[in-house]
Amino acid sequence: MPTTARSPRTRCLAWTAAMTACFAVLLAFVLVSGALPLDHRIDSALHGVALVHPGCTRLNLDLTNWVWGPTTTRLLTVAAAAVLLRLRQRRQALWALTACGFGWALEVTVKAAVGRDRPHWRHPLDTATDGSFPSGHAMAATIACVTLVWLLRLHGARGRRWTSVVALGAVSVLGVGFTRLYVGVHWPSDVLAGWLLGAAVVTATAAALAPWRTPQAT
């Protein structure tokens with residue numbers, strides 16, 4: 001019996017379901033148990049290192065607040081959308097902006113609903129006042145990086161260029177998660193939740209808006 005490849009929309013929906021299910025399991029664990037088994041251990045270890053290495057701490061603060069901050073990643077998305085509009089790729093521009101905006105709204109909503117407290121330290125290195133779960137930095141970076149990498153793929157990135165783009169995106173997503181732990185403002189489960197929910201937002205909005213379709217097919 002012949003088999004047919006699944007459509008891009010079907011694959012996106014499958015990834016959305018998988019990421020959402022993982023996020024739901026993690027959320028249930030946090031609501032019931034309060035934290036993952038390694039949350040406190042990892043944060044305590046990193047905080048101890050941060051206190052005795054002020055130079056490295058300063059670097060992580062700059063990376064988390066400026067280089068990989070949500071404002072930076074969202075502005076990159078808006079800039080990419082502007083370029084796409086100039087190229088008359090309206091569907092792709094709409095997708096990028098929808099993923100960014102919907103992700104931001106979802107992050108704020110989930111943070112308020114869960115109301116998880118952030119780590120508390122005798123000698124804090126950074127401050128944050130809103131809810132801890134999920135990490136907004138991790139979620140924003142995931143949405144921006146996955147969206148931008150995907151767009152570059154749609155516009156012909158291949159070979160070494162593609163490898164470099166994927167590597168840069170992965171370093172950014174993983175890096176921002178590490179910085180949030182290093183400066184002591186998130187639990188590891190917050191960061192993991194941000195990654196999962198961010199990825200689900202990208203694939204869900206892609207399934208809805210089909211950015212791979214050409215302007216002639218719209």
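Not measured: the values here are computed from a predicted model.

Trainee: How should I be thinking about the nonpolar core in this particular structure?
Mentor: Generally speaking, a soluble globular protein has its nonpolar side chains buried in company with each other. If you look at the biggest cluster of nonpolar residues, it comprises 28 residues, and the most contacted ones within it are Phe23, Leu26, Trp95, Val110, Phe133 and Ile143. Those elements that place two or more of their residues in this core are helix 1 (8-33), helix 4 (70-86), helix 5 (90-114), helix 6 (136-154) and helix 8 (188-209). With ten residues, helix 8 is the single largest residue contributor to this core. Excluding residues within four positions of it along the chain, Leu26 makes contact with Leu36, Phe133, Ser189, Leu192, Ala193 and Leu196.

Trainee: It is not clear to me how helix 8 should be interpreted in this structure. Could you clarify?
Mentor: Because the α-helix completes a turn every 3.6 residues, residues three or four places apart line up on one side. With 22 residues, helix 8 extends 32 Å from end C-alpha to end C-alpha; this agrees with the ideal 32 Å at 1.5 Å per step. The buried fraction of helix 8 amounts to 18 of the 22 residues, a majority that puts the element mostly inside the structure. Remark: Ala210 follows helix 8 within two positions and exhibits a positive phi of approximately 45°.

Trainee: For this particular structure, what's the right way to read the packing of aromatic side chains?
Mentor: The geometry of an aromatic ring pair comes down to the distance between the two centres and the angle between the two planes. As enumerated under the stated definition, the model contains four aromatic pairs in all. Look at Trp95 and Trp150: their rings are 5.1 Å apart centre to centre, the planes differ by 80°, and that puts the pair in the edge-to-face class. Here Trp95, found in helix 5, pairs with Trp150, found in helix 6; they are 55 residues apart in sequence, far enough to count as distant. Ring centres of Phe178 and Tyr182 lie 5.6 Å apart, and the angle between their planes is 35°; this geometry places the pair in the tilted category. Here Phe178 pairs with Tyr182, and both are found in helix 7 (residues 159-182), just four residues apart, close to one helical turn.

Rules of the game
- The numbering scheme is per chain: residues are counted from 1 as the chain's sequence reads.
- Given that the model is predicted, a residue must reach a pLDDT of at least 70 before its local features are reported, and side-chain atom pairs must reach 80 or more before they are shown or counted; all residues, however, enter totals for whole chains, interfaces and linings.
- The basis for every side-chain value is the complete set of heavy atoms in the structure, and neither hydrogens nor water enter the calculation.
- Side-chain atoms within 4.5 Å link the members of a nonpolar core, which is a set of buried Ala, Val, Leu, Ile, Met, Phe, Trp, Tyr and Cys residues.
- Residue burial is assigned from relative accessible area. The probe radius is 1.4 Å, only protein chains are included, and a residue is buried under 20% of its type maximum, exposed over 50%, and partly exposed in between.
- Numbering of helices and strands runs from the N terminus; a helix is a DSSP stretch of H or I covering at least four residues, while a strand is a stretch of E covering at least two.
- We call two residues contacting when some pair of their heavy atoms lies within 4.5 Å.
- Multiplying one less than the number of residues by 1.5 Å gives the expected span of a helix.
- Put simply, two rings from Phe, Tyr or Trp (the six-membered ring, in Trp's case) pair if the centres are within 6.5 Å, and we call them stacked under 30 degrees between planes, edge-to-face over 60, tilted for the rest.

Shape is all these values report; function is a separate question.
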